[in-house]
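Listed below, chain by chain, are the residues.
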Amino acid sequence: QSGHYGREAVVSPQSSHYGRGVEAVNPKPDAVVKESLALTCRVNGVEVTKDNVKWFKFAPGMEDLSKAQKAYSISDDGLTLTIKKMDAKKEGKFKCVVEKDGKTSEGVFEVALPLKEKDLVEAEKEIVDFVEGDVIKLQCNKLETVTELFWTCNGKKMKNGKGNVMIINKKAFSELVLKPAKLSDKGTCTCHAKGQGTEDSADIQVRVLENEVTITSQVDDLTCKQGDKKTACVLGWDVVSTIGTVKVQVCLYKNQKAIKCKKSKVNDGIYTKEFGKKRKPKNSGSYVAKVTVNGKTFISEPINLTITKKEKKKEKSTE
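Just so you know, the residues in each chain are numbered from 1, in the order the chain's sequence is written. For this predicted model, a pLDDT threshold of at least 70 governs which residues receive local features, and a threshold of 80 or more governs which side-chain atom pairs are given and counted, while totals over whole chains, interfaces and linings are taken from all residues. Values shown for side chains rest on all heavy atoms present in the structure; no hydrogens or waters enter the calculation.

A. Just the pattern of salt bridges, in detail. Any carboxyl oxygen of Asp or Glu within 4 Å of a side-chain nitrogen of Lys or Arg constitutes a salt bridge here. In the structure shown here, the tally under the stated rule is six salt bridges. Across the pair K90 and D87 runs a salt bridge whose closest N-O atoms are separated by 3.1 Å. Note on exposure labels: buried denotes an accessible area under 20% of the residue type's maximum, exposed denotes more than 50%, and partly exposed covers the range between, all computed with a 1.4 Å probe on protein chains only. Overall, the relative accessible area of 14% leaves K90 in the buried class. In this structure, E106 and K95 form a salt bridge, with 3.3 Å as the shortest nitrogen-oxygen distance. Placement of E106 in strand β10 (residues 103-111) and of K95 in strand β9 (residues 92-100) is noted, with a sequence separation of eleven residues between them. Judged by relative accessible area, E106 falls into the partly exposed class, the value being 23%. For the purposes of this entry, the term helix denotes a DSSP run of H or I that reaches at least four residues, the term strand denotes a run of E that reaches at least two, and both are numbered from the N terminus.

Okay, here's the thing in structure tokens:
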């Protein structure tokens, strides 16, 4: 057995040193893949030179690193070993061994790359817009095996069946449904997942839209002739909604009220009402588009329709 400087060696998982002898300065260093990593030993109470220091790697035997100059370099004083480019093959235990006057001591290092955590979940959409009274659907897709999954919105844990909350869990995804949507639902909802020794989460930004529907009449006034088969007599409106799917009816507008409403036809994105060849002057009047979105009703400006009487054929004069 070799002697020791001073007192007997004290051994820990990170380093082994004797008295004021050798210790690992950074026994568990922060390793980064593809970057260099320096391991440093400190010797206390005695002067040493490079010849007194040797570096080894447990691989699983003892590999003398003084000969592995392509992958490692050793400082002039021998006390710092630099791993030139860190990768998985260079993970493991290293030690510097200091020997002088027949006495030895060592410092031990544990080198490991950080575990790469797998993504467990991802948001189907990172931003979801809604309008009050509509339905909010948020979906979180499972990328790996998930042992536990739950939702929070604005820091509050969501519970299925409480208030307007419904949670649907499937093998491939989880869906949070808020119906009907409330203004207080805006903010950030988070899908939290746990897997085999790891955790992950995915945020979804939930934004509220203003109730906005724009209805543009194709004309302000329209005059058609009774019995004119060559010229179409069509009222039209362009409807744009930022708050959901629209339902459009065309109504007669009388005494500030929309009456006798009928479902509108859609042609090339324009909501229309056509008065065919059987149109009569009694069909004249003001017409509006009545638009319903998420239970809310919007009325357009009226189009004034005039249907003129059919001209009588002139009788041929007889002499």
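Now, onward.
B. Seen up close, the sheet that holds strand β8 (residues 80-83). DSSP calls a pair of strands paired once it identifies at least 2 bridges connecting them. Read from one edge of the open sheet, four strands run β3-β4-β8-β7, paired in antiparallel fashion. Because the sheet does not close on itself, it has two edges, and the strands there are β3 (22-24) and β7 (72-74). On average, each strand axis in the sheet is tilted by 20° relative to the strand beside it, whichever way the strands run. Taken together, the four bridges between strand β4 (residues 37-43) and β8 define a ladder with antiparallel strand orientation. The residue bridging A38 from the neighbouring strand is T82, located in β8. Axes, fitted as lines to C-alpha atoms, cover a helix only where it is in contact. Angles between the N-to-C directions of the axes lie from 0 to 180 degrees.

C. Representation of the nonpolar core within the structure. Residues V121, I136, L138, L149, W151, M158 and L176 are the most contacted members of the largest nonpolar core, which totals 24 residues. Taken together, the elements giving at least two residues each to this core come down to β11 (121-123), β12 (127-130), β13 (136-142), β14 (148-153), β16 (165-169), β17 (173-178), β18 (187-194) and β19 (199-208). Ignoring sequence-local partners within four residues, the contact set of M158 consists of W151, T152, C153, V165, I167 and L176. Grouped together as the second largest cluster of nonpolar side chains are 22 residues, A24, L37, V98 and V111 included. Nine residue types can take part in a nonpolar core, namely buried Ala, Val, Leu, Ile, Met, Phe, Trp, Tyr and Cys, and a core is a set of them joined through side-chain atoms within 4.5 Å. Contacts between residues were defined by any pair of non-hydrogen atoms, one from each residue, lying within 4.5 Å.

D. Inspection of a positive patch on the surface at higher detail. The residues that make up patches have over 30% relative accessible area and no salt bridge, and they are joined within 9 Å when like-charged or within 5 Å when they are Val, Leu, Ile, Met, Phe, Trp or Tyr. Areas reported as accessible are Shrake-Rupley estimates using a 1.4 Å probe. Residue values count occlusion only from the protein chains shown. A residue counts as positive if it is Lys or Arg and as negative if it is Asp or Glu; His and the chain ends are not included. All charge positions are set by atom: Lys at NZ, Arg at CZ, Asp at CG, Glu at CD. Taken together, the side chains of K229, K254, K260, K277, K278, K280, K282 and K310 define a basic patch exposed on the protein surface. By the secondary structure assignment, K280 is in the loop between β26 (270-274) and β27 (285-293).

E. Region of interest: the packing of aromatic side chains. Stacked, edge-to-face and tilted are the three classes for Phe, Tyr and Trp ring pairs, Trp counted by its six-membered ring, which pair at centre distances within 6.5 Å; planes under 30 degrees apart are stacked, over 60 edge-to-face, the rest tilted. Considering all chains together, one arrives at three aromatic pairs under this definition. Relative to F109, the ring of W55 lies with its centre 5.6 Å away and its plane at 35°, an arrangement referred to as tilted. Here W55 is found in strand β5 (residues 53-58), whereas its partner F109 is found in strand β10, with 54 residues between them in sequence. Given the relative accessible area of 0%, F109 is considered buried. Sitting over a ring, as applied to charges here, requires NZ of Lys or CZ of Arg to be within 6 Å of the ring centre and within 35 degrees of the ring normal. It is K157 that lies over the ring of F150; its NZ or CZ is 4.9 Å from the centre. For the cation-ring pair, K273 lies above F275, with the distance from its terminal atom to the ring centre recorded as 5.2 Å.

So far we have only geometry, and geometry alone does not tell us how the molecule works.
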